[in-house]
Each structure stands twice: as C-alpha cells, then as structure tokens.
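These are the residues of each chain, in order.
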Amino acid sequence: MKLGIVGLPNVGKSTLFNALTKAGAESANYPFCTIDPNVGIVPVPDERIRLLGEMYHSKKVTPAVIEFVDIAGLVKGASKGEGLGNQFLANIREVDAIVHVVRCFDDDNVIHVDGSVDPLRDIETINLELIFADLEVLERRISKVARTAKMDKEAGKEMVFLKRLKEHLESGKPASLLEDLTEDEEKWMQTYNLLTDKPVIYAANVSEDDLADDGASNAGVQKVREYAAQTGSEVFVICASIEAEIAELDDDERAMFLEDLGVTEAGLDKLISASYRTLGLMSFLTAGEDETRAWTIKIGTKAPQAAGKIHSDFERGFIKAEVVNYKVLLELGSLSAAREKGLVGIEGKDYVVKDGDVILFRFNV
C-alpha cells in the first residue's frame with residue numbers, strides 16, 4: 001500500500017511524515033523545503049503476529065508495511081509549474097490513496113501561504129490543482145482518440161465518455177464523483193490514472209488542546225468532516241507536533257503519554273485504520289518457526305489469489321488451504337491441537353479469506 005501525503009506549505013505535512021516514518025525529511029517554516037518526494041516504509045502495528053511469533057518462537061516476525069510518499073507543498077498554479085510545479089503531481093499518480101493534510105490550528109508563528117487559516121479554501125486549492133493536472137491528461141487522450149474516433153466504433157464511444165468526463169472536471173468536481181459509469185467506462189477510467197479518481201483521506205491537523213475531544217470543538221474540523229461526508233472520504237484528527245513527540249518514545253512511554261493527553265490512538269494507528277477501510281484491505285497471517293507474517297489483501301480475495309501473494313507457484317499449484325482463526329490458535333497453543341478439536345477448516349478454491357485467518361497453503365507444481 002502506497003500513500004501520498006499532500007497539502008499546502010506549512011500545514012504540518014512534513015512534520016507528520018517525519019513522525020510517521022522517523023525518516024527525517026527536512027521540515028521548516030517556509031514553502032518548498034521538501035525538494036524531492038521523501039519515501040518512508042512503515043510497519044503496520046499488529047498485535048496478532050507478535051503473539052503468534054511468541055507462541056511459535058519464530059525466528060522472524062514480519063508485519064505488513066505501508067509506503068508513505070511526502071510530496072512538496074502544493075500552491076495555486078502548481079499544475080502550471082508554479083512553486084515546484086507539476087513534477088510533484090506526477091509523484092502522486094503512483095500512489096493508491098492520497099492523505100490530504102489540512103491545517104485546522106491557529107499559530108502566529110507558523111505562516112500560512114494565503115494569510116489565514118481556512119480549511120475549505122485550502123482543500124479547494126489543492127483539489128483544483130489536481131483537477132487541472134487531470135484535464136491536461138484528458139486533453140492528451142482526447143487528441144489521441146480523435147484520430148481514430150470516426151472510423152473505429154470503440155474509439156467513438158470512448159470519445160463520448162472523454163467529453164463527458166472533461167465537462168465534469170471543468171465543473172470543479174473530482175473524477176471519483178462521476179456517476180453511472182458502464183463497464184467499459186470503468187475500464188477506460190482506470191487506464192487514465194487520474195489524480196482526482198484516487199481515494200482521499202483527510203488529516204485534520206489541530207493544536208494539542210483540540211486533540212482530546214477528537215476535534216469536536218474545532219470549527220475547522222467540523223467543516224472538513226462535512227466536506228468529506230459529501231465526497232465519501234475518511235477524516236482523522238491529528239496533532240502533527242504531538243506525533244513528532246510520540247515518535248521519540250518507546251511503547252510503554254507512548255501508552256502513558258497518550259493516556260495523559262486523553263487520547264486512545266496515535267495518529268499512525270488512526271491513519272492505518274482509515275487507509276485499510278478506504279482501500280478495502282485486510283490481512284491474513286502465516287505462522288511457524290521460521291517466520292510469522294501478515295499479508296495484506298483486498299477484502300473478498302479467494303484462497304488461491306491470497307496464496308499468490310506469497311508466491312506465484314502457490315497460486316498456480318493451489319490444492320487446498322488449512323485455515324484457523326488466530327484467536328483459536330493462540331487459545332489452543334498449536335495447529336495440531338486446533339486440528340484435534342476440528343477447528344481447522346480444509347478450504348478449496350472458492351474460499352473467501354477472512355481478516356485474521358492463519359493459513360497453511362498446500363500446493364503442487
């Protein structure tokens with residue numbers, strides 16, 4: 001899973017990235033301090049694999065990971081080359097979802113590029129730049145399809161769709177909100193890889209005082225939540241400066257620090273939960289003496305395709321899957337004990353994998 005972190009300059013974007021990844025991207029109180037996209041690989045915290053690893057005395061415990069890409073602060077005109085321009089927009093095209101950091105705090109010491117704090121204006125600024133960049137992509141596609149549209153029936157149909165999509169974007173709406181797409185139109189849309197067709201998760205960055213009530217008393221956060229509800233997007237509340245402090249603590253200190261703040265979850269945990277929900281993901285597990293590991297798959301994935309995440313041979317030569325819920329395995333202490341009690345399912349090609357399944361795949365190639 002690859003997430004791109006975007007936002008205007010000085011909204012706390014790079015501070016958040018540093019806290020999440022401890023990667024040390026330069027963070028300063030002026031625009032464009034992030035010159036190249038910074039990339040950080042973050043393990044997904046998962047108590048299940050830790051406990052299973054202890055039970056099996058595994059030599060290695062491997063969590064699922066998320067790749068974060070921190071992209072330089074966008075400004076008005078970025079799609080036309082303003083600031084550091086559309087080279088950064090190109091970096092966003094490679095991600096699965098966009099994390100849009102929105103400033104919802106006042107601080108006279110942190111300059112806002114537009115002179116005042118206004119979350120909805122900031123969201124609109126970024127969205128318009130993404131729309132302008134998508135319109136450039138469509139213009140190029142329209143030029144290409146136009147050459148064959150009169151002679152080729154399929155190209156003619158695509159041209160009708162391209163014009164409808166262009167009108168939709170020109171009205172200021174993201175591609176993700178275009179409705180009533182046919183199967184062909186869905187396929188075409190995927191090939192365009194439009195920025196505004198990617199799912200968005202809004203990170204409302206608040207002051208420490210607004211963190212304990214999850215931004216309920218912050219008018220800016222409420223505006224972001226209302227906007228996100230209209231577009232079917234997730235919102236989570238963070239305080240980037242607090243996240244930076246949490247990043248320096250060990251697990252026990254972290255838990256105490258969060259408790260003192262009256263907060264149950266750190267920002268990374270909130271973001272991971274939102275990402276999994278947004279992208280329709282979950283994890284199945286494999287466990288043994290050599291390695292215990294979490295594997296991220298789409299919800300609804302069948303057993304052979306899940307096996308293919310481990311190795312293509314597993315999918316190609318799939319015979320069956322032995323499946324047990326991780327809680328049952330931990331409770332009984334071994335796979336053989338779970339088998340004796342009849343709690344291990346022998347599943348075939350049509351089995352839909354569930355979150356928390358511990359699976360042993362049988363295959364032959």
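Residues numbered from 1 in each chain as written. Predicted model: local features only at pLDDT ≥ 70, side-chain atom pairs only at ≥ 80, totals over all residues. Heavy atoms only, no water.

**Topic: the overall build of the chain**
Then, in step 1: In terms of helices and strands, the chain carries 14 helices and 12 strands.
Then, in step 2: Every one of the 365 residues in the chain was classed for burial, and the buried ones make up 47%.
Then, in step 3: A fraction of 67% describes how many contacts in the chain between residues 6 or more apart in sequence connect residues 24 or more apart.
Then, in step 4: Within the structure as shown, the chain displays about 18200 Å² of accessible surface, and the carbon and sulfur contribution to it stands at 48%. (Helix = DSSP H or I, 4+ residues; strand = E, 2+ residues; numbered from the N terminus. Buried < 20%, exposed > 50% of the residue type's maximum accessible area, 1.4 Å probe, protein only. Contact = heavy atoms within 4.5 Å. Areas by Shrake-Rupley, 256 points an atom, 1.4 Å probe, with all protein chains shown as cover.)

**Concerning the side chain of Glu158**
Then, in step 1: With respect to the helices and strands, the residue Glu158 is situated in helix α5 (residues 153-170).
Then, in step 2: The contact partners of Glu158, leaving out residues within four places of it in the chain, are Arg141, Val145, Trp188 and Tyr192.

**Side note on helix α1 (residues 13-21)**
Then, in step 1: By the criterion of burial, α1 is predominantly enclosed, with 8 of the 9 residues buried.
Then, in step 2: Buried within α1 are the following residues: Lys13, Ser14, Leu16, Phe17, Asn18, Ala19, Leu20 and Thr21.

**What about a nonpolar patch on the surface?**
Then, in step 1: On the surface, a nonpolar cluster with roughly 260 Å² of combined accessible area is contributed by Val39, Ile41 and Val65.
Then, in step 2: Looking at the secondary structure, you find Val39 in strand β2 (residues 38-43).
Then, in step 3: We classify Val39 as partly exposed; its relative accessible area is 47%. (Patch = residues over 30% accessible without salt bridge, like charges linked within 9 Å, V, L, I, M, F, W, Y side chains within 5 Å. Salt bridge = Lys/Arg side-chain N within 4 Å of Asp/Glu carboxyl O.)

**With respect to a negative patch on the surface**
Then, in step 1: On the surface, a cluster of negative charge is contributed by Asp250, Asp251, Asp252 and Glu253.
Then, in step 2: Along the chain, Asp251 turns up in helix α9 (residues 251-261). (Lys, Arg positive; Asp, Glu negative; His and termini not counted. Charge placed at Lys NZ, Arg CZ, Asp CG, Glu CD.)

**Remarks on the packing of α5 against helix α6 (residues 183-192)**
Then, in step 1: Where α5 contacts α6, the axes come no closer than 11 Å and their chain directions differ by 70 degrees. Overall, the two elements α5 and α6 adopt an arrangement that is roughly perpendicular. Relative to α6, the crossing made by α5 is right-handed. From α5, Glu154, Lys157, Glu158, Phe161, Leu162, Arg164 and Leu165 reach across to α6, where they touch Asp184, Glu185, Trp188, Met189 and Tyr192.
Then, in step 2: For the contact of α5 with α6, the class distribution of residues is 6 nonpolar, no polar and 6 charged. (Axes fitted to C-alpha atoms, helices over the stretch in contact; angles between N-to-C directions. Parallel < 35°, antiparallel > 145°, perpendicular 65-115°, else oblique. Left-handed = near helix turned anticlockwise from the far one by under 90°. Nonpolar A, V, L, I, M, F, W, Y, C, P; charged D, E, K, R; others polar.)

**With respect to the confidence of the model for the chain**
Then, in step 1: Across the chain, pLDDT averages 87, with 88% of residues at or above 70.
Then, in step 2: This model gives residues 24-35 a pLDDT under 50, and the stretch forms 33 contacts once residues within four places in sequence are excluded. (pLDDT = per-residue confidence, 0-100.)

**Concerning the packing of helix α4 (residues 119-146) against helix α7 (residues 219-231)**
Then, in step 1: Running from N to C, α4 and α7 point in directions that differ by 45 degrees, and their axes come no closer than 9 Å. With respect to their mutual orientation, α4 and α7 come out oblique. Residues Pro119, Leu120, Ile123 and Asn127 of α4 pack against Gly220, Lys223, Val224 and Tyr227 of α7.

**Here we look at the pairing of strand β10 (residues 318-325)**
For a regular strand, the rule is simple: side chains alternate between the two faces of the sheet.
Then, in step 1: Sheet analysis places β10 next to strand β12 (residues 357-363), joined by 7 bridges and oriented antiparallel. Considered in β12, the bridge of Lys320 is made with Arg362.
Then, in step 2: In this structure, β10 lies alongside strand β11 (residues 345-347), joined through 3 bridges in antiparallel fashion. Paired with Glu322 across the two strands is Ile346, which belongs to β11. (Pairing = 2+ DSSP bridges.)

**Here we look at the side chain of His168**
Then, in step 1: If you trace the backbone, His168 turns up in helix α5.
Then, in step 2: Overall, the relative accessible area of 10% leaves His168 in the buried class.
Then, in step 3: Setting aside chain neighbours within four positions, we find His168 in contact with Lys173, Pro174, Ala175, Leu177 and Leu178.

**Overview of unusual backbone geometry**
Then, in step 1: Non-glycine residue Asn193 carries a positive phi angle of around 50 degrees.
Then, in step 2: With respect to the helices and strands, Asn193 occurs in the loop between α6 and β6 (200-205).

**Regarding the packing of aromatic side chains**
Then, in step 1: Inspection of the entire model under this criterion finds 7 aromatic pairs.
Then, in step 2: Aromatic ring contacts, followed pair by pair, group Phe284, Trp295, Phe318 and Phe361 into a single cluster.
Then, in step 3: Above the plane of the ring of Trp295 lies Arg293, whose end atom (NZ or CZ) is 4.0 Å from the centre. (Phe/Tyr/Trp six-rings, centres within 6.5 Å; stacked < 30°, edge-to-face > 60°. Lys NZ or Arg CZ within 6 Å of the ring centre and 35° of its normal.)

**Considering the pairing of β6**
Then, in step 1: For β6, the tally of buried residues reaches 6 of 6 residues, placing the bulk of the element in the interior.
Then, in step 2: Across the two faces of β6 the burial is the same, with Val200, Tyr202 and Ala204 and Ile201, Ala203 and Asn205 all buried.
Then, in step 3: Two strands pair when backbone bridges link them, and strand β5 (residues 97-103) and β6 are joined in this way by 6 bridges, in the parallel orientation. Along β6, the bridge assignment pairs Arg103 with Asn205.
Then, in step 4: Direction of pairing for β6 relative to strand β7 (residues 234-238): parallel, over a ladder of 5 bridges. What sits directly across from Ala204, in β7, is Val237.

**Looking at the sheet that holds β7**
Then, in step 1: Strand order in the open sheet formed by 6 strands is β2-β4-β1-β5-β6-β7, and the pairing between neighbours is mixed. The open sheet has two free edges, formed respectively by β2 and β7, since each of these has just one partner strand. Sheet twist, expressed as the mean angle between neighbouring strand axes with direction ignored, is 25 degrees.
Then, in step 2: Along the sheet, helix α10 (residues 267-279) contacts β1 (2-6), β2, β4 (65-70), β5, β6 and β7; its crossing angle with β7, the most-contacted strand, is approximately 175 degrees.

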